[in-house]
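# Observations on the three-dimensional arrangement
Chain residues, written in single-letter form:
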Amino acid sequence: MVKVTILGCGDAFGAGGRLHSAYLVETPQSTFLVDCGPTILQALKRLRIDPERIDAVVVSHLHGDHFGGLPFLFMQYRYEAPRSRPLAVYGPPGIGERTQRLFEALYEKSAHEPMNFPLSYQELTPGTPHALADVRIVPFAVQHVSELCCMGYRFEVDGRVFVYSGDSAWTDDFITHARGADLFLCECSTFEPEVPIHISYREIAAHARDIDCRRIVLTHLGAETLRRQREISLDCARDGMTLELAGTRQVSPRARPVAPRTDARRRPKKASRGRARRAR
Ligand SMILES: [Zn+2]
Ligand SMILES: [Zn+2]
């Protein structure tokens, strides 16, 4: 079974009280984070997920709401529940240096002491797949901000596929990257306004029928997106939501949503559901 838990689906501003970007992926052989925003420990502890279980962290880009939780994770592993087994951190070029600088800014003394567990950084580059236990990680470039290398990811595990947009403007490349995926977790920072560095709901809704995946779930939800959530026909992430990947082998083109899911705080279906389908 492959499971994705939404630890935080808020934007940089914590719209609607949602936590910063972080997703927990559990596969038969590995447990890893995709992004690690500053609220990572709150997110894990609210859901009673033991931080010790995390084998690795995969970071999409070096914006604070996506990697700013790493020093807090290190502090957890140093003082709260001392860790001895290795932790691998994957991310764009500069991941090691930027994280170390952040750690030094936040906890100067601790950052200068030797780590009590083996910590490794590995830089990933768009287009070059990487193996992490039973997972094939395929990083791809996204169009977010020009000063950083920003990536989305396609994770493939035993026929199951999870695609994450990271932060990005809309590009038709997502149609290719998300092809055959069980789950496409796509950022949706705004509802209407098209901003050059993020995706609006209008844009993804206009392209949703072209994306051949089982299920699209919107995340990185901004204030305006949340305000107009009733007009949104696609599924929106909620902190604490768990999504199980059913396997691509049974995918029928454009079927959605068929993956079984459990969601601790699932709300009753809204009356706008029918309209939602049509708007897709
Ligand atoms: Zn962000
Ligand atoms: Zn960003």
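Below you will find a few notes about this structure. (Residues numbered from 1 in each chain as written. Chains lettered and ligands numbered in written order. Predicted model: local features only at pLDDT ≥ 70, side-chain atom pairs only at ≥ 80, totals over all residues. Heavy atoms only, no water.)

## Remarks on the pairing of strand β11 (residues 183–187)
Side chains on a regular strand alternate between the two faces of the sheet. A large share of β11 lies buried, amounting to five of its five residues. Residue alternation in β11 divides its side chains into two sets, L183, L185 and E187 and F184 and C186, and both sets are buried. Across three bridges, the pairing between strand β10 (residues 160–164) and β11 is parallel. Across the sheet, V163 pairs through a bridge with F184, a residue of β11. One ladder, built from four bridges, connects β11 with strand β12 (residues 216–219); its direction is parallel. From the neighbouring strand, L185 faces β12, where its bridge partner is V217. Crossover β11 to β12 through helix α7 (residues 201–207) is right-handed. (Buried < 20%, exposed > 50% of the residue type's maximum accessible area, 1.4 Å probe, protein only. Helix = DSSP H or I, 4+ residues; strand = E, 2+ residues; numbered from the N terminus. Pairing = 2+ DSSP bridges. Right-handed = clockwise from strand over helix to strand, strands pointing away.)

## A look at the coordination of the zinc ion (ligand 2)
Only H61 (NE2), H63 (ND1), H144 (NE2) and D167 (OD) from the protein reach the zinc ion (ligand 2) as donors, at distances of 2.2 to 2.4 Å. Angles of 92 to 164 degrees at the metal separate the four donor atoms of the zinc ion (ligand 2), which places the site in the irregular class. Each donor residue of the zinc ion (ligand 2) lies on the same chain, and together they follow the pattern H-x1-H-x80-H-x22-D. Between the two metal centres, the zinc ion (ligand 2) and the zinc ion (ligand 1), the spacing is 3.6 Å, with D167 acting as a shared donor. Note that H63 is positioned in the loop between β4 (56–58) and α2 (64–67) and D167 in the loop between β10 and α6 (173–177), a separation of 104 residues in sequence. The partly exposed category is assigned to H63, whose relative accessible area is 23%. (Donors = N, O, S within 2.8 Å, 3.2 Å for Na, K, Ca; no water. Tetrahedral: all angles 85-135°; square planar, octahedral: opposite > 155°, others 65-115°.)

## As for the sheet that holds strand β13 (residues 235–236)
Strand order in the open sheet formed by seven strands is β7-β8-β9-β10-β11-β12-β13, and the pairing between neighbours is mixed. Single-partner strands in this sheet number two, and they are β7 (130–132) and β13.

## Concerning the coordination of the zinc ion (ligand 1)
Summarising the metal site, the zinc ion (ligand 1) is bound by the protein donors D65 (OD), H66 (NE2), D167 (OD) and H220 (NE2), whose distances to it range over 2.1 to 2.2 Å. Here the zinc ion (ligand 1) is ringed by four donor atoms whose angles at the metal span 87 to 164 degrees, and the overall shape comes out irregular. Counting the intervening residues between successive donors of the zinc ion (ligand 1) yields the motif D-H-x100-D-x52-H.

## Examining the packing of aromatic side chains
If you walk through the whole model with that rule in mind, you get 12 aromatic pairs. Relative to F162, the ring of F155 lies with its centre 5.5 Å away and its plane at 20 degrees, an arrangement referred to as stacked. One exposure class covers both F155 and F162, and it is buried. For the pair F174 and F184, a centre-to-centre distance of 5.7 Å together with 35 degrees between the ring planes defines the contact as tilted. Remark: F184 occurs in strand β11 and F174 occurs in helix α6; sequence separation between them is 10 residues. When its relative accessible area of 1% is taken as the criterion, F174 is described as buried. The exposure class of F184 is buried, given its relative accessible area of 0%. Against the face of Y77 rests R83, its NZ or CZ located 4.5 Å from the ring centre. (Phe/Tyr/Trp six-rings, centres within 6.5 Å; stacked < 30°, edge-to-face > 60°. Lys NZ or Arg CZ within 6 Å of the ring centre and 35° of its normal.)

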